[in-house]
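Overview (structure and organization)
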Amino acid sequence: GAGVSQSPRYKVAKRGQDVALRCDPISGHVSLFWYQQALGQGPEFLTYFQNEAQLDKSGLPSDRFFAERPEGSVSTLKIQRTQQEDSAVYLCASSADRGLRTEAFFGQGTRLTVV
Amino acid sequence: TQLLEQSPQFLSIQEGENLTVYCNSSSVFSSLQWYRQEPGEGPVLLVTVVTGGEVKKLKRLTFQFGDARKDSSLHITAAQPGDTGLYLCAGADDNQGGKLIFGQGTELSVKP
């Protein structure tokens, strides 16, 4: 596709509900990142994939958060038993290779509101 | 833990004024990136600085990377209403893959 696509754009979940957020990276991009952005803050790193391998999940805030990228393209971020503090915008980014100087392209994000 | 402190958090100025946003850390970064984010959108990369002391210009925007690669600044000359948005700095460490550490952001409002 032309850019990184995330769905849904908006999600309202009742506390305790499980949610799944989808990211379609730019075709052929090797690296994929998930970030969490609270209102009025900068994004915070959650996890990183290189192809299908999850190389860094140090930013996942709890074991309720799980991410996968089984075929090295589309990725899903799953949050189990959502809590109010999970309310945030979840951003996905992809880049062409592992190189740090390679630009990462961000999607529009999924705004999750837990009520 | 690597942290980036960005200041100011909020800036409201009149069209035509100049401004500077600062990004400081006690950690050394391999490179530093500046992004602009509009409401409801993801961040869009403006520039990457890699070498200590490096200065890059993008039209009315001037970016500088500190000699020690711990801090950076963004200077906008003759700001315009179209510059309004959230400006984010982000540091990258060669030892941590492509992971970015973001500052808190500077919310800029330029009034006509």
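The shown structure was predicted, so the numbers you read here are calculated from the model rather than taken from an experiment.

Each value, and the rule that gives it
- Residues numbered from 1 in each chain as written.
- Chains lettered and ligands numbered in written order.
- Predicted model: local features only at pLDDT ≥ 70, side-chain atom pairs only at ≥ 80, totals over all residues.
- Heavy atoms only, no water.
- Helix = DSSP H or I, 4+ residues; strand = E, 2+ residues; numbered from the N terminus.
- Rg over C-alpha atoms; globule rule 2.2 N^0.38 Å.
- Buried < 20%, exposed > 50% of the residue type's maximum accessible area, 1.4 Å probe, protein only.
- Contact = heavy atoms within 4.5 Å.
- Areas by Shrake-Rupley, 256 points an atom, 1.4 Å probe, with all protein chains shown as cover.
- Lys, Arg positive; Asp, Glu negative; His and termini not counted.
- Charge placed at Lys NZ, Arg CZ, Asp CG, Glu CD.
- Buried area = accessible area lost by both parts, 1.4 Å probe.
- Salt bridge = Lys/Arg side-chain N within 4 Å of Asp/Glu carboxyl O.
- Polar contact = N/O pair within 3.5 Å; in protein donor to acceptor, adjacent residues only side chain to side chain.
- Pairing = 2+ DSSP bridges.
- Axes fitted to C-alpha atoms, helices over the stretch in contact; angles between N-to-C directions.
- Core = buried A, V, L, I, M, F, W, Y, C linked by side-chain atoms within 4.5 Å.

Within chain B one finds zero helices and 11 strands. Shown N-terminal to C-terminal, the secondary structure of chain B runs as helices and strands in the order β-β-β-β-β-β-β-β-β-β-β. Its C-alpha atoms give chain B a radius of gyration of 13 Å, near enough to 13 Å, the size a compact globule of 112 residues would have. Referenced to the eigenvectors of the C-alpha coordinate spread, the extents of chain B come out at roughly 45 × 30 × 20 Å. When the 112 residues of chain B are sorted by exposure, 49% land in the buried category. Residue pairs in contact within chain B that sit at least 24 positions apart in sequence constitute 55% of those at least 6 positions apart. Accessible area of chain B: about 5,200 Å², with a carbon and sulfur share of 49%. With 9 positive and 12 negative side-chain charges, chain B shows a separation of 3 Å between the mean positions of the two kinds.

Facing 21 residues of chain A, the contacting portion of chain B comprises 24 residues. Taken together, both faces of the contact between chain A and chain B bury some 1,800 Å²; the carbon and sulfur share is 52%. Seen at the junction of chain A and chain B, the total is zero salt bridges. Inspection of the region where chain A meets chain B yields six residue pairs in polar contact (both at pLDDT 80 or more). Among the secondary structure elements, those contributing two or more residues to the side of chain A that touches chain B are β4 (31–37), β5 (44–50) and β10 (104–106) of chain A. Looking at the side of chain A that touches chain B, the element that brings in the most residues is β4(A), giving three residues.

Residues and elements named next belong to chain B. The five strands lie next to each other as β1-β3-β8-β7-β6, forming an open sheet whose pairing is antiparallel. In the strand order of this sheet, the two ends are held by β1 (5–7) and β6 (55–58), each with one partner. Sheet twist, expressed as the mean angle between neighbouring strand axes with direction ignored, is 15 degrees.

Attention now moves to the nonpolar core. Where a protein is soluble and globular, its nonpolar side chains tend to be buried together. Core analysis: the largest hydrophobic core is formed by 21 residues, its most contacted members being B:Leu19, B:Leu32, B:Trp34, B:Leu74, B:Ile76 and B:Leu108. Taken together, the elements giving at least two residues each to this core come down to β3 (19–24), β4 (31–37), β5 (44–49), β7 (61–65), β8 (71–76), β9 (85–92) and β11 (106–111) of chain B. Setting aside residues no more than four positions away along its own chain, B:Leu108 makes contact with B:Leu11, B:Ile13, B:Leu19, B:Ile76, B:Asp83, B:Thr84, B:Gly85 and B:Tyr87. A:Val19, A:Phe49, A:Ala88 and A:Val114 belong to the second largest nonpolar core, which has 20 residues in total.

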